[in-house]
Amino acid sequence: MPPTLASLVHHSALKLTVRAGEDRLDVPVRWAHVSELADPVPYMEGGELLLITALKLDAEDPEVMRRYVKRLVGAGVVGLGFAVGVNYEDIPAALVDACRQEGLPLLEVPRRTPFLAISKAVSAAIAADQYRAVTAGFAAQRELTKQALNAGPEGLLGALAGQVDGWAALYDASGAVVAAAPEWAGRRAARLTAEVERLRERAAPASSVVGGPEHEDRVELHSLGTGRRPRAALAVGTAAALGTAERYAVHSAIALLTLTTERSRSLHAAEQRVGTAVLRMLLAGEPDHARAVAGDLYGGLLDAPFRMIVAESASGSAARAHADAHGHGRAPGAGGAAAAAGDLGGDPLGELAESMESAAARSGEAVLVVPDGERLVVLAADGGAAVAACTQYAAALEAARAVPEPARGDEEELVVGLSAPAGPIAAAAAFKQAEQALSVARRRGRVLVEHEQLAAGSVVPLLADDAVKAFADGLLRALHEHDATGRGDLVASLRAWLSRHGQWDAAAADLGVHRHTLRYRMRRVEEILGRSLDDPDVRMELWLALKATSAE
């Protein structure tokens, strides 16, 4: 505890006597200052015990003393010490009355007590308090380090909560609470998710203070990590502002948790390199070798059905489409080892990866994430938390696209393809399914497409591609030009004939014409197109062209 007026009054060597403000002696004293100025306020910082002899004051004038004391109180002076037997044999009544009126403690200093003795006593008490704080801080650091080594972040948070007489919580990279102490603090910490997300937008290290509603605690938020984006965040809630010892404890906890997160980053990078190797073996048709390399890290993921997820940013999609068009594709995971050494890159690929990994960690399931340049390849348990996090993230992006573009800003777009459930033997097929779903998502302007949706739906929506429409328009142009002259309805006749599988009577009945008329029209179609309707490939192309043009 810092020195107070009460501790100075009880100091046996000082012999101080209280003459006013007896009920306000418990205030801390920041320093003892001597000033004989008629107005010392410009030189005060607040929290001082002012020592005077009234050398330049008319201490017997009530109005002068009232103004003098009022200015001292306004400047934050916590007490006034008056030396008797120097300029006045006793403290003038005008000064005593003014101090009582303003509630300023007034201490009588006997002639045999020099002001220097009071200053030394205050200085010694402050030094002792600082020493106690430093000693307590080192003790807290040792305890926090012990708990971090023996019980991990959960043990460290418990020790920190005890040190600050409050609560502490740890958030992961997605802003979700991963640990809290005591247990009830998890609910309080969860209400600060929005504040944590705002903190994550600032470069580490960053901190902020959240003042809770009336009668609630004061919370400090600190980002953790040394990279461009914070890897985690620490929340510390207390009833009042932290003292020196508590501040030491918080700083120690930040340092230890930062070391933990940085160590986790190194381990995470190593895990990604292992994951890249496992993925390559699976795609090469070597599930047994992949299982041996996966070991306990990813082995459980290969023992149950999993989903393959391929995600790309819009710029990555454009680059890959260009590479595919020129035959410069590369094997998945080829850039994973290099990318694993650093962060996953900018949003939204990095956020998607963080979201899935955080969800998997909270549920205790394994997830294999392989960054591959502008692409992300993920193996996640079918029906697990990681797949759910992926679909939720995609849904949130899809909803955000409904916002007008000026309000959205220049955010990078994302496309995701999700395979059907598969096992290690069918990993290559699952990867192809995910890429096919990704391609469809790109063409349809969707954030996420599941391969199962393609199999369960119709092929007709796939005809919306501009290239398909261009082909259809070119194939049917001559027929449309013929019909435009009013010399017959060849397009409608062709559609009716194909829809009836070449059955003349049924198609003619649909058109309301004689079957010979329909036969004549089909011969004209063959003549105009220069193709035989007996060829099943020709019939298929014409039917798809008709479906593509009718979908416009």
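Throughout, residues of each chain are indexed from 1 in the direction in which the sequence is written. Side-chain atom pairs in this predicted model are given and counted only at pLDDT of 80 or more, local residue features only at pLDDT of at least 70, and totals for whole chains, interfaces and linings cover all residues. Based on all heavy atoms of the structure, the side-chain values leave hydrogens and waters out of the count.

**A short note on the overall build of the chain**
When helices and strands are tallied, the chain shows 20 helices and 15 strands. Here's how the labels work: a residue is buried when its accessible area is under 20% of the maximum for its type, exposed when over 50%, partly exposed in between, all with a 1.4 Å probe on protein chains only. The buried share of the chain, taken over its 552 residues, is 43%. In what follows, residue pairs with any heavy atoms lying within 4.5 Å of each other are defined as contacts. Counted over contacts in the chain with a minimum sequence separation of 6, partners at least 24 positions apart contribute 64%. Of the roughly 27,200 Å² of accessible surface on the chain, 53% is carried by carbon and sulfur atoms. Put simply, DSSP marks the helices as runs of H or I at least four residues long and the strands as runs of E at least two long, and each gets a number from the N terminus on. Computed with a 1.4 Å probe, the accessible areas rest on the Shrake-Rupley method; for each residue, only the protein chains presented here act as cover.

**Structural notes on the sheet that holds strand 3 (residues 48-52)**
In this analysis, strands are considered paired if DSSP registers two or more bridges between them. If you trace the five strands from one edge of the open sheet to the other, you get 1-5-4-3-2, paired in mixed fashion. Two strands in the sheet have a free side with no partner beyond their single neighbour: strand 1 (17-20) and strand 2 (31-34). Going from strand to strand, the sheet's axes swing by 30 degrees on average, the running direction of each strand aside. Here strand 4 (residues 79-83) pairs with strand 5 (residues 106-109) via four bridges, running parallel. Within strand 5, the residue paired with Ala83 across the bridge is Val109. Angles run from 0 to 180 degrees between N-to-C directions of axes, and those axes are lines fitted to C-alpha atoms, restricted for helices to the stretch in contact. Along the sheet, helix 3 (residues 93-102) makes contact with strand 1, strand 4 and strand 5, crossing strand 1 at roughly 75 degrees.

**Quick word on the environment of Ala381**
Along the chain, Ala381 turns up in strand 13 (residues 375-381). In this view, Ala381 contacts Leu301, Pro305, Phe306 and Val387; residues no more than four positions away in its chain are not counted.

**What about the pairing of strand 13?**
The buried count for strand 13 comes to six of seven residues, which makes it a mostly enclosed element. Summarising the sheet, strand 11 (residues 306-313) and strand 13 pair through seven bridges and their orientation is antiparallel. Across the sheet, the residue bridging to Met308 is Leu379, located in strand 13. The hairpin turn running from strand 12 (residues 367-372) into strand 13, its antiparallel successor, is two residues long, and Gly373 in that turn takes a positive phi close to 70 degrees.

**Structural notes on the sheet that holds strand 13**
Sheets are built from strands paired through backbone hydrogen bonds, the pairs being either parallel or antiparallel. Reading across the sheet, the five strands line up as 12-13-11-14-15 and stay open at both edges, with mixed pairing between neighbours. The sheet is open, and its two edges are formed by strand 12 and strand 15 (448-450), each paired on a single side. Strand after strand, the sheet turns through a mean of 15 degrees between neighbouring axes, direction not considered.

**Comments concerning the nonpolar core**
Nonpolar cores are built from buried Ala, Val, Leu, Ile, Met, Phe, Trp, Tyr and Cys residues. Side-chain atoms within 4.5 Å join them into one set. In this structure, Tyr68, Leu80, Phe82, Leu95 and Leu106 are the most contacted members of the largest nonpolar core, which totals 26 residues. Every element with two or more residues in this core is listed here: strand 3, helix 2 (62-74), strand 4 and helix 3. Top contributing element to this core by residue count: helix 3, with five residues. Ala140, Val164, Leu224 and Leu242 belong to the second-largest nonpolar core, a separate cluster that totals 23 residues.

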